[in-house]
Amino acid sequence: MLRQTLLSVSGVTLCVALIISSLIKSLHAQQVGYTFAGLADWDGDGRQDIVARDNTTGLLWLYPGDRTRGYSSQARVQIGNGWNTYTFAGLADWDGDGRQDIVARDNTTGLLWLYPGDRKRGYSSQARVQIGNGWNTYTFAGLADWDGDGRQDIVARDNTTRLLWLYPGDRTRGYSSQARVQIGNGW
Ligand SMILES: [Ca+2]
Ligand SMILES: [Ca+2]
């Protein structure tokens, strides 16, 4: 009887250990590799670049492009840190100053932030600006001038309703005064 109980307990322990081990593995799988912020001519040299986060360190890297079909000869440059809790909406010149910017959501708060770029290979000297809130239930399609008014917009899906929304931008560092418009459903 005692032996059976001991066997049973060790079986439960083994089971719990296997579950924990599997959880740790799946968590690790989510954290390795890179997450793309997007493609843009970040440093303004006329060549498209990659901006991506190293998921293991939370560091943000610029991979300057070479305008060639092949590996770039340009060395990567660190342009940020502490990005692990963010989801990227994308890269675009959101404020219209001729320099590419990052729009990203802080997943811990649901706030949407504009990180104005400086058109250089390094940390931007521009302070971030809050441009939205309540974005945690959305999935970003990306940034683009969707309505063609010369100002960058956000296209995103509300995950709770599967509706697709256009958030027209204002070319400003702050909340847009433009009302959102539904542009799709069943997404
Ligand atoms: Ca800009
Ligand atoms: Ca627009």
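Every value quoted in this text rests on a predicted model; they were computed, and no experiment measured them.

What to know about the overall build of the chain
Part 1 of the argument: Secondary structure assignment for the chain yields 1 helix and 12 strands.
Part 2 of the argument: Looking at the chain as a whole, 23% of its 187 residues qualify as buried.
Part 3 of the argument: Within the chain, residue pairs in contact and separated by at least 24 positions form 25% of the contacts whose partners lie at least 6 positions apart.

Let's talk about unusual backbone geometry
Part 1 of the argument: Unlike most non-glycine residues, R119 shows phi in positive territory, near 55 degrees.
Part 2 of the argument: Relative to the assigned elements, R119 resides in the loop between β7 (111-115) and β8 (129-132).
Part 3 of the argument: Overall, the presence of 15 C-beta atoms within 10 Å leaves R119 in the partly exposed class.
Part 4 of the argument: For R162, which is not glycine, the phi dihedral falls at a positive 65 degrees.
Part 5 of the argument: The exposed category is assigned to R162, around which 12 C-beta atoms lie within 10 Å.

Some points on the sheet that holds strand β9 (residues 138-144)
Part 1 of the argument: Strand order in the open sheet formed by 4 strands is β9-β10-β11-β12, and the pairing between neighbours is antiparallel. Looking at strand neighbours, the two that pair on one side only are β9 and β12 (181-184), the edges of this open sheet. Strand-to-strand, the axes of this sheet are offset by a mean angle of 30 degrees, without reference to chain direction.
Part 2 of the argument: As judged from the 5 bridges shared by strand β10 (residues 153-158) and strand β11 (residues 163-167), these two strands associate in the antiparallel manner. Within β11, the residue paired with V155 across the bridge is L166.

Some details on the nonpolar core
Part 1 of the argument: In terms of nonpolar packing, the biggest core is built from 28 residues, with V51, L91, I102, V103 and A104 touching the most fellow members.
Part 2 of the argument: Looking at this core, the elements with two or more residues in it are β1 (34-40), β2 (49-54), β3 (60-63), β5 (86-92), β6 (101-106), β7, β9 and β10.
Part 3 of the argument: If you tally residues by element for this core, the top one is β5, at 5 residues.
Part 4 of the argument: If near-sequence neighbours (up to four positions away) are discounted, A104 is found in contact with Y86, T87, F88, A89, W113 and Y115.

With respect to the environment of D49
Part 1 of the argument: Residue position: D49 is located in strand β2.
Part 2 of the argument: Excluding residues within four positions of it along the chain, D49 makes contact with A40, D41, W42, D43, L62, Y63, P64 and G65.

What about the sheet that holds β1?
Part 1 of the argument: With antiparallel pairing, 4 strands are arranged side by side in an open sheet as β1-β2-β3-β4. The two strands at the open ends of the sheet, each matched to only one other strand, are β1 and β4 (77-80). Between one strand axis and the next, the sheet turns by 30 degrees as a mean value, whatever way the strands run.
Part 2 of the argument: Taken together, the 3 bridges between β3 and β4 define a ladder with antiparallel strand orientation. From the neighbouring strand, W61 faces β4, where its bridge partner is Q78.

Brief notes about the environment of T109
Part 1 of the argument: By the secondary structure assignment, T109 is in the loop between β6 and β7.
Part 2 of the argument: On a C-alpha basis, the gap between T109 and Y86 in space is 9.8 Å, while along the polypeptide they are 23 residues apart.

Scoring rules and cut-offs
Residues numbered from 1 in each chain as written. Chains lettered and ligands numbered in written order. Predicted model: local features only at pLDDT ≥ 70, side-chain atom pairs only at ≥ 80, totals over all residues. Helix = DSSP H or I, 4+ residues; strand = E, 2+ residues; numbered from the N terminus. Buried ≥ 20, exposed ≤ 12 C-beta atoms within 10 Å, placed from the backbone. Contact = placed C-beta atoms within 7 Å. Pairing = 2+ DSSP bridges. Axes fitted to C-alpha atoms, helices over the stretch in contact; angles between N-to-C directions. Core = buried A, V, L, I, M, F, W, Y, C linked by C-beta atoms within 7 Å.

Don't take any of this as a statement about function, it's just geometry.
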